[in-house]
Amino acid sequence: MLAVAALSARALVESAARDGLRCVALDVFGDADTRRAAAHWLPIGEPAALRIDGDRLLRALRTLAAEHDVTGWIAGSGFEAEPELLEAGGSCLPLLGTAGSDVRRVRDPVAFFHFLRSHGIAHPPVAFAPPRTPGPWLHKDSGGCGGWHVRRSADEPPGRGGYWQIERAGAPMSATFVANGHDAVVLGFNRQLVRAVGARPFVFAGVIGPLAVDDALQRSIGEAVRRLAREFRVFGLASLDFVLHGDAAEVIELNPRPPASLALYPRVGGHGALHAHRHACARGVLPPPPAAAREVHGLQIVFAPRALQLDPAGSAAIARWPGAHDLPAAGTTFMPGDPLCSVSASGADAAQVQAALAQAHDGLLRSLEALA
């Protein structure tokens, strides 16, 4: 049995369940479908805080190491700014994934963008002090995730891990891959969905894939993935974010942990995606390059349109909604813009999937308003 830890562990637990692997879920939400798919659930934070509580995580890992037949743990989202927590957790229970010391290197923007420049990997211009040249500039936090840390500003105080990056017009994309610390296999390419939440213009709102891309993009991003996986010793499922404007692709960031897009890849090499992660981490074995996908999948986050406390009728309505995931319990409180749940869809192409996601998203919100 394994433990999986993340802000939301639902996708990881469900991926493991496809291979009949029992998991203990450690996350901050405890959604109904997470608990249903897991052998056990332990809280490691409060939903309103949207962060992992390190003390609670370490207590949970020590408990599992001492009392349960748990052989290791996998870290998902929420650890971007916590390499020390990954290292401390790895001393409690073996970590299957990129080591904390290497996550620290990946998340050091000076080191990361220096490597890109020195190897001819294109990226939008960056600055590590308030830029004096015309923008538009985005201020970013290298320890952030989900786009919540991105703001349009040339005057933001830099802070630890803060930097600026030129905003590029184009399609936000990602490549999902599996790595073994020396090499990597790209599983597919995805279109990222983003939306503005208050002053945050690029909050992650969903993802669609795998998408067909031209040979030149496959080669350039594939080579970038392999070089980065080798340099930063990336292990397991991960993703490379980039922006595609015209025929040019520019790298934005590397996420050295299982990404949200793993839900788009239910089968990898004849098994679930988490099987590929485990074998790459424990044995160095990579899956074969995937065949062309016959179907496109997508997921979209549903954000709370207003402040609300979900009553039993609202919770039940979300649970009944076709393709709904991350099912919140009755009594959960949301502020405007908080993630409420998510919806998924599949289809023949990206346009069909995006239309189905929009329909499901809007229909679910209308059904909740009808209950108000």
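Residues numbered from 1 in each chain as written. Predicted model: local features only at pLDDT ≥ 70, side-chain atom pairs only at ≥ 80, totals over all residues. Heavy atoms only, no water.

### So, the overall build of the chain
Then comes step 1: Each helix and strand counted, the chain has 10 helices and 18 strands in total.
Then comes step 2: Radius of gyration (C-alpha) of the chain: 20 Å, near the 21 Å computed for a compact globule of 372 residues.
Then comes step 3: With respect to the principal axes defined by its C-alpha atoms, the chain has extents near 55 × 45 × 45 Å.
Then comes step 4: Buried residues in the chain amount to 53% of all 372 residues.
Then comes step 5: The long-range share in the chain, meaning contacts at least 24 apart out of those at least 6 apart in sequence, stands at 60%.
Then comes step 6: The averaged location of the 36 negative side-chain charges in the chain is 1 Å from the averaged location of its 35 positive side-chain charges. (Helix = DSSP H or I, 4+ residues; strand = E, 2+ residues; numbered from the N terminus. Rg over C-alpha atoms; globule rule 2.2 N^0.38 Å. Buried < 20%, exposed > 50% of the residue type's maximum accessible area, 1.4 Å probe, protein only. Contact = heavy atoms within 4.5 Å. Lys, Arg positive; Asp, Glu negative; His and termini not counted. Charge placed at Lys NZ, Arg CZ, Asp CG, Glu CD.)

### A short note on the side chain of Ser315
Then comes step 1: Tracing the sequence through the fold places Ser315 in helix α9 (residues 312-320).
Then comes step 2: Judged by its relative accessible area of 14%, Ser315 is buried.
Then comes step 3: Ser315 has contacts with Leu310, Pro328, Ala329 and Ala330, leaving out every residue within four places of it along the chain.

### Things to note about the packing of aromatic side chains
Then comes step 1: Scanning all chains against the criterion turns up 7 aromatic pairs.
Then comes step 2: Ring centres 6.4 Å apart and planes at 65° place the aromatic pair Trp148 and Phe303 in the edge-to-face group. In this pair, Trp148 sits in the loop between β6 (137-141) and β7 (151-152) while Phe303 sits in strand β14 (residues 296-303), placing the two residues 155 residues apart along the sequence.
Then comes step 3: Look at Phe189 and Phe242: their rings are 6.4 Å apart centre to centre, the planes differ by 80°, and that puts the pair in the edge-to-face class. Taken together, the residues span a long stretch of sequence, with Phe189 in strand β10 (residues 184-197) and Phe242 in strand β12 (residues 235-245) at a distance of 53 residues. (Phe/Tyr/Trp six-rings, centres within 6.5 Å; stacked < 30°, edge-to-face > 60°.)

### Quick look at the sheet that holds β7
Then comes step 1: As summarised here, the arrangement of the 4 strands in space is β5-β8-β6-β7, forming an open sheet in which the pairing is antiparallel. Looking at the sheet topology across the chains shown, the edges are occupied by β5 (126-127) and β7.
Then comes step 2: Note that β5 and strand β8 (residues 162-166) share 2 bridges and pair antiparallel. When the bridges of β8 are listed, Val126 appears paired with Gln165. (Pairing = 2+ DSSP bridges.)

### A short note on the packing of helix α6 (residues 109-118) against helix α7 (residues 215-231)
Then comes step 1: Interhelical geometry of α6 versus α7 gives an angle of 135° and a closest axis separation of 12 Å. Comparing the axis directions of α6 and α7 gives the class oblique. Crossing hand, α6 versus α7: right-handed. The residues of α7 that touch α6, namely those facing Phe112, Phe115 and Leu116, are Arg227, Leu228 and Glu231.
Then comes step 2: The residue inventory of the contact of α6 with α7, partitioned by class, reads 4 nonpolar, no polar and 2 charged. (Axes fitted to C-alpha atoms, helices over the stretch in contact; angles between N-to-C directions. Parallel < 35°, antiparallel > 145°, perpendicular 65-115°, else oblique. Left-handed = near helix turned anticlockwise from the far one by under 90°. Nonpolar A, V, L, I, M, F, W, Y, C, P; charged D, E, K, R; others polar.)

### Regarding the state of the cysteines
Then comes step 1: Within the structure shown, the criterion is met by 0 disulfides.
Then comes step 2: Left unpaired, Cys92 is separated from the closest cysteine sulfur, that of Cys23, by 18 Å. (Disulfide = S-S within 2.5 Å.)

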